[in-house]
Amino acid sequence: MERTKRASGVTVSDDVIKVFNEMKVRKCASQEDIKKRKKAVVFRLSDDKKNIIIEEGKEILVGDEVEDVYKCFIEMLPKDDCRYALYDATYETKETRKEDLVFLFWAPDCAPLKSKMIYASSKDAIKKKFTGIKHEFQANHLEDIQDRCNMATKLGGTTVISLEGKPI
């Protein structure tokens with residue numbers, strides 16, 4: 001498996017790059033294929049802190065029957081450790097409906113200092129692989145992301161009127 005190594009010594013696994021490319025490219029597909037598309041995925045450092053990998057069981061598919069996709073996404077993040085995440089945000093502005101990928105760097109204040117340092121120094125490695133991301137968001141408190149208004153502001157300021165079908 002080929003990996004890309006960065007100055008921090010942490011590599012981004014091919015699986016992470018593959019997931020990003022699948023989320024980034026929206027091709028014409030059957031309804032069944034659309035339902036299998038990833039809506040949100042959480043990434044973590046491997047146990048040996050040398051690789052950025054997909055966190056097992058921490059994804060939402062477009063076809064998953066979830067009452068509140070955004071809330072479910074936020075609940076996938078650990079309360080006391082850092083993570084990276086990709087979130088395919090569906091939102092409406094006053095003019096149009098949009099879908100954009102958001103890169104989230106989750107670094108809660110209560111995370112261990114060593115973890116915050118490794119994740120912060122490895123962030124560029126994963127960001128460089130995620131070419132074309134329009135929106136990046138770093139959150140250090142649950143309050144930063146729990147309120148969908150904060151995400152809406154990152155996506156389009158005051159022009160966003162709904163996020164995942166829920167009014168702002």
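Computed from a predicted model, the values in this text were never measured in an experiment.

Remarks on helix α1 (residues 14–24)
By the burial criterion, the buried members of α1 are V16, I17, V19, F20 and M23. All buried residues of α1 project into a common sector of 160° when viewed along the axis, lining one side.

Points about the packing of aromatic side chains
For the structure shown, the criterion picks out nine aromatic pairs. Relative to F73, the ring of Y70 has its centre 6.4 Å away and its plane inclined at 55°; by these criteria the two rings are tilted. With Y70 and F73 both in helix α3 (residues 69–75) and three residues apart, this pair spans about one turn of that helix. Look at F103 and F130: their rings are 5.8 Å apart centre to centre, the planes differ by 75°, and that puts the pair in the edge-to-face class.

Focus on the nonpolar core
Note that soluble globular proteins tend to have their nonpolar side chains buried in a common cluster. Counting 25 residues, the largest nonpolar core has F73, Y87, L104 and I145 as the members making the most contacts within it. Of all the secondary-structure elements, those providing two or more residues to this core are β3 (38–45), α3, β5 (83–93), β6 (97–106), β7 (135–139), α5 (142–146), α6 (148–156) and β8 (160–163). Leave out the neighbours within four places in its chain, and Y87 touches K39, A40, V69, Y70, F73, D100, L101, V102, M151, L163 and E164. V10, V41, F43 and I126 belong to the second-largest nonpolar core, a separate cluster that totals 24 residues.

Some remarks on the state of the cysteines
Simply put, the disulfide is a covalent bond whose two ends are the sulfur atoms of two cysteines. Counting across every chain of the model gives zero disulfides. Note on C110: no disulfide assigned, nearest cysteine sulfur contributed by C82 at a separation of 9.0 Å. For C110, a relative accessible area of 54% gives the class exposed. Looking at the unpaired C149, the closest cysteine sulfur is the one in C72, lying at 19 Å. The partly exposed category is assigned to C149, whose relative accessible area is 31%.

Focus: the pairing of β3
Among the eight residues that make up β3, seven are buried, leaving the element largely enclosed by the rest of the structure. Across six bridges, the pairing between β3 and strand β4 (residues 51–61) is antiparallel. The residue bridging A40 from the neighbouring strand is I60, located in β4. The hairpin turn running from β3 into β4, its antiparallel successor, is five residues long, and K49 in that turn takes a positive phi close to 65°. Pairing between β3 and β5: four bridges, direction antiparallel. For V41, the partnering residue across the bridge sits in β5 and is L86.

Looking at the confidence of the model for the protein chain
Any region with low pLDDT has predicted coordinates that should not be read closely. A residue-level look at the protein chain finds 93% of positions with pLDDT of 70 or above and a mean pLDDT of 90. Note that pLDDT drops below 50 for residues 1–7; the model gives that stretch 19 contacts with residues more than four away or on any other chain.

Some details on the environment of V66
Position of V66 relative to the elements: it lies in the loop between β4 and α3. V66 gets classed as partly exposed once you look at its relative accessible area, which sits at 27%. If we skip the residues at most four places from it in the chain, V66 touches I60 and C72.

Focus on the layout of surface pockets
Looking at the largest pocket, its volume works out to about 530 Å³. Taken together, 24 residues line the largest pocket, and the ones lying closest to its centre are D33, I34, R37, K38 and V62. Those elements giving two or more residues to the lining of the largest pocket turn out to be α1, α2 (31–35), β3, β4, β5 and β6. Sort the elements by how many residues they give to the lining of the largest pocket and α1 lands first, with three residues. Residue composition of the lining of the largest pocket, by class: nine nonpolar, two polar and 13 charged.

Reading the values: rules and limits
Each residue is numbered by its place in its chain's sequence as written, counting from 1. For a predicted model such as this one, the threshold for reporting local features is a pLDDT of at least 70, and the threshold for listing and counting side-chain atom pairs is 80 or more; totals across whole chains, interfaces and linings nevertheless cover every residue. As a rule here, side-chain values cover all heavy atoms of the structure and leave hydrogens and water aside. Note on classification: 1.4 Å probe, protein chains only; a residue is buried when its accessible area is under 20% of the maximum for its type, exposed when over 50%, partly exposed between these limits. Helix numbers and strand numbers start at the N terminus; a helix is a DSSP run of H or I with at least 4 residues, a strand a run of E with at least 2. This arc is taken over the directions from the axis of the helix to the C-beta atoms. Put simply, two rings from Phe, Tyr or Trp (the six-membered ring, in Trp's case) pair if the centres are within 6.5 Å, and we call them stacked under 30 degrees between planes, edge-to-face over 60, tilted for the rest. In plain words, nonpolar cores are sets of buried Ala, Val, Leu, Ile, Met, Phe, Trp, Tyr and Cys residues tied together by side-chain atoms within 4.5 Å. A contact between two residues is defined here by any heavy atoms of the two lying within 4.5 Å. Two cysteine sulfur atoms make up a disulfide if the distance between them is within 2.5 Å. Two strands pair if DSSP finds at least two bridges between them. Every residue gets a pLDDT, meaning the predictor's confidence in that residue, from 0 to 100. With a 1 Å grid spanning the protein atoms alone, the term cavity applies to any set of points in which a 1.4 Å probe fits but cannot get out, the term pocket to an open set with protein on both sides within 12 Å along at least five of seven lines, and the term lining residue to any residue with an atom within 4 Å of a point. Grid points are joined across faces, edges and corners, and a volume is the space filled by probe spheres set on the points. In this classification, the charged set is Asp, Glu, Lys and Arg, the nonpolar set is Ala, Val, Leu, Ile, Met, Phe, Trp, Tyr, Cys and Pro, and all remaining amino acids, among them Gly, are polar.

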